Amino acid sequence: MSQRAQDLGIKIGHGVAGPLNAITDVPGVRVGHASIHADLADGRSVHTGVTVIEPRAGQARQSPCFAGVHVLNGNGDATGLEWIREAGLLTSPIAFTNTHSVGVVRDSLIALERETLPADDKAVYWNMPVVMETFDGLLNDINGFHVKPEHVRQALQAAHNGLPQEGAVGGGSGMICHEFKGGIGTASRRLPADRGGWTVGAIVQANHGKRASLLVGGYPVGRHLGHIHSPFTPQLPHPGMGSIVVTLATDAPLLPHQCTRLAQRASIGIARTGGGTEDSSGDIFIAFATGNDGLPPADYADKGAFTTALRMVNNDYISELFAAAAEAVEEAIINALLAANTISGNGQRAEGLSAGQLLTALEQAGWRA
């Protein structure tokens, strides 16, 4: 198993991580992957997949949670966000995949949920799943449409509340980050008991950034990593092209507009690692909060109640959640880089960033453990 930032003594910010230092430190959250790695007979390479994040135990449509979204740069795509902007409710799992597989993943999530409903269920059914993407078309045969409904099923079946696998897995299988191999990364922060005791977790699909701009813990390590090249270093049409999508989760009782504010803070975590300034990057974030239970299910059946009692974090105490979100995203990106192994495909090669290389670059930049 690869070493993570905290294993190397790299301290990100001032907060304290949860037990797993992962989005699954938020109770009820589960993550699953389905990865596709193959070399085809005609010479094409496939490195892609699906990652799913389940916001609560059980079916999301029966136990919705409040959510909000933020777009830092819109050179990307996502489904299901308009209803979240309108109603403030997340009623589906969240999926990460590649740019050209958004449709099949969305449709598969609907079909798989339909399988779980009783045949005699007369409730009006609708579903607008959240599917987010980044482009893996350098290492992956993206136009071969290799993600199929069975991969979405596999990811859902694999979802669990332990430490998610990171790196070149699931939707992150073919991604490139700061010109190294990228992919999935996760981290968390837990507030002290006297400040609410809530947890904020992040999971990213990192496929963005220039190598020279990479920062770790504020240190300009990218300046000292430029020599790690090979004849097959990815030939990006535009340096720094790509995207990053982020899911933030918390058990704090946030209202939808507060979730939107939390999602905005993902931008800070990305900026602290040297990203977030590229026109060619789609930077789209969603945050959900599980701290309010008993929200009405996502159908139009008569619920027998006109109102729902809610709680909210007072603004006097919300800044620490914002700081936790920024730190969790920052560390999740670093964890994605450290976990991703070297992958070649379609005439391209993305080198994994090893722990030793990163520590050497940190020391050259003035860091001391």
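Scroll up for the structure.
Scope of this entry: the structure provided in the associated data block. Predicted model, so just to flag it, every value in this text is computed and none were measured.

What counts and how
- Here, residues in each chain are numbered from 1, in the same order as that chain's written sequence.
- A pLDDT threshold of at least 70 governs which residues receive local features in this predicted model, and a stricter bar of 80 or more applies before side-chain atom pairs are shown or counted, although totals over entire chains, interfaces and linings include all residues.
- Calculated side-chain values reflect all of the structure's heavy atoms, with hydrogen atoms and water omitted.
- Nonpolar cores were defined as sets of buried Ala, Val, Leu, Ile, Met, Phe, Trp, Tyr and Cys residues, with membership established by side-chain atoms within 4.5 Å.
- Summary of the burial criterion: residues with accessible area below 20% of their type's maximum are buried, those above 50% are exposed, and those between are partly exposed, where the area comes from a 1.4 Å probe applied to protein chains only.
- By the criteria applied, helices consist of DSSP H or I runs no shorter than four residues and strands consist of E runs no shorter than two, each listed in order from the N terminus.
- In this description, contact between two residues means that some pair of their heavy atoms is separated by no more than 4.5 Å.
- Centres within 6.5 Å are what make two rings of Phe, Tyr or Trp a pair, Trp counting through its six-membered ring; a difference in plane orientation under 30 degrees is then read as stacked, over 60 as edge-to-face, and the rest as tilted.
- Geometrically, a charge over a ring is one whose NZ (Lys) or CZ (Arg) sits within 6 Å of the ring centre while staying within 35 degrees of the ring normal.
- Strand pairing is assigned whenever DSSP identifies at least 2 bridges connecting the two strands.
- Axis definition: a line fitted to C-alpha atoms, over the contacting stretch in the case of helices. Angles run 0 to 180 degrees between N-to-C directions.
- Under the rule applied, a polar contact is a pair of N or O atoms within 3.5 Å (in protein, one hydrogen donor and one hydrogen acceptor; residues adjacent in sequence only if both atoms are side-chain atoms).
- For the purposes of this analysis, a disulfide is any pair of cysteine sulfur atoms at a distance within 2.5 Å.
- In the sections that follow, a salt bridge refers to a side-chain nitrogen of Lys or Arg positioned within 4 Å of a carboxyl oxygen of Asp or Glu.

### A few points about the nonpolar core
Grouped burial of nonpolar side chains is what soluble globular proteins tend to show.
In step 1: If you look at the biggest cluster of nonpolar residues, it comprises 53 residues, and the most contacted ones within it are Ile10, Val246, Leu248, Leu254, Leu321, Val329 and Leu358.
In step 2: Contributing elements (two or more residues each) for this core: strand S11 (199-207), strand S12 (242-250), helix H4 (256-264), helix H5 (266-272), strand S13 (281-289), helix H6 (319-339) and helix H7 (355-364).
In step 3: Contact partners of Val246, with chain neighbours within four places excluded, come to Phe96, Met132, Ile203, Val204, Ala266, Ile270, Ile284, Phe285, Ile286 and Val329.

### Thoughts on the packing of aromatic side chains
In step 1: Tallying each qualifying case throughout the model produces 1 aromatic pair.
In step 2: On the numbers, 5.9 Å between centres and 85 degrees between planes, the contact of Trp83 with Trp126 is edge-to-face. Placement of the pair is Trp83 in helix H1 (residues 81-87) and Trp126 in the loop between helix H2 (102-116) and strand S7 (130-134), with a sequence separation of 43 residues.
In step 3: Given the relative accessible area of 19%, Trp126 is considered buried.
In step 4: Directly above the ring of Tyr125 sits Arg114, whose terminal nitrogen or CZ lies 4.6 Å from the centroid.
In step 5: Lying over the aromatic face of Phe180, Arg211 brings its terminal NZ or CZ to 4.0 Å of the ring centre.

### So, the sheet that holds strand S6 (residues 94-98)
In step 1: The strand order across the open sheet formed by 5 strands is S1-S2-S6-S7-S4, and the pairing between neighbours is mixed. Unpaired on one side and paired on the other, strand S1 (30-39) and strand S4 (78-79) mark the two borders of the sheet.
In step 2: Relative to S6, strand S2 (residues 45-54) is paired through 3 bridges, and the arrangement is antiparallel. Paired with Ile53 across the two strands is Ile94, which belongs to S6.
In step 3: With respect to the sheet, helix H3 (residues 149-158) is in contact with S1 and S2, its orientation differing from that of S1 by roughly 140 degrees.

### Remarks on unusual backbone geometry
In step 1: Even without a glycine there, the phi angle at Asn21 is positive, about 50 degrees.
In step 2: Classification of Asn21 as buried rests on a relative accessible area of 0%.
In step 3: Non-glycine residue Asn346 carries a positive phi angle of around 55 degrees.
In step 4: Summarising the element assignment, Asn346 is placed in the loop between strand S14 (343-345) and strand S15 (348-350).
In step 5: You can call Asn346 partly exposed: its relative accessible area is 32%.

### Side note on the side chain of Thr250
In step 1: With respect to the helices, strands and loops of the structure, Thr250 is situated in strand S12.
In step 2: Classification of Thr250 as buried rests on a relative accessible area of 0%.
In step 3: A polar contact of 2.8 Å, which involves the side chain of Thr250, links it to the backbone oxygen of Thr199.
In step 4: Leave out the neighbours within four places in its chain, and Thr250 touches Val26, Trp198, Thr199, Val200, Leu262, Phe288, Ala289, Thr290, Gly291 and Leu321.

### Overview of the sheet that holds strand S10 (residues 183-190)
In step 1: Spatial strand order, S5-S3-S13-S12-S11-S10: 6 strands in an open sheet with mixed pairing. With one partner strand each, in any of the chains shown, strand S5 (89-90) and S10 form the two edges of the open sheet.
In step 2: Direction of pairing for S12 relative to S13: parallel, over a ladder of 9 bridges. Looking across to S13, one finds that Thr250 is bridged to Ala289.
In step 3: Its contacts with the sheet put H4 on strand S3 (65-74), S12 and S13, and the angle it makes with S3 is roughly 35 degrees.
In step 4: Packing of H6 onto the sheet brings it into contact with S10, S11 and S12, and relative to S10 it is tilted by some 145 degrees.

### Digging into the state of the cysteines
In step 1: A full pass over the atoms with the stated rule returns 0 disulfides.
In step 2: Free of any disulfide, Cys65 has its nearest cysteine sulfur in Cys259, 7.7 Å distant.
In step 3: We classify Cys65 as buried; its relative accessible area is 0%.

### What about the pattern of salt bridges?
In step 1: Under the counting rule described, the total for this entry stands at 15 salt bridges.
In step 2: Across the pair Arg44 and Asp141 runs a salt bridge, and its minimum N-O distance is 2.6 Å. Taken together, the residues span a long stretch of sequence, with Arg44 in the loop between S1 and S2 and Asp141 in the loop between S7 and H3 at a distance of 97 residues.
In step 3: Salt bridges here are not isolated pairs; linked through shared partners, they connect Asp42, Arg44 and Asp141.

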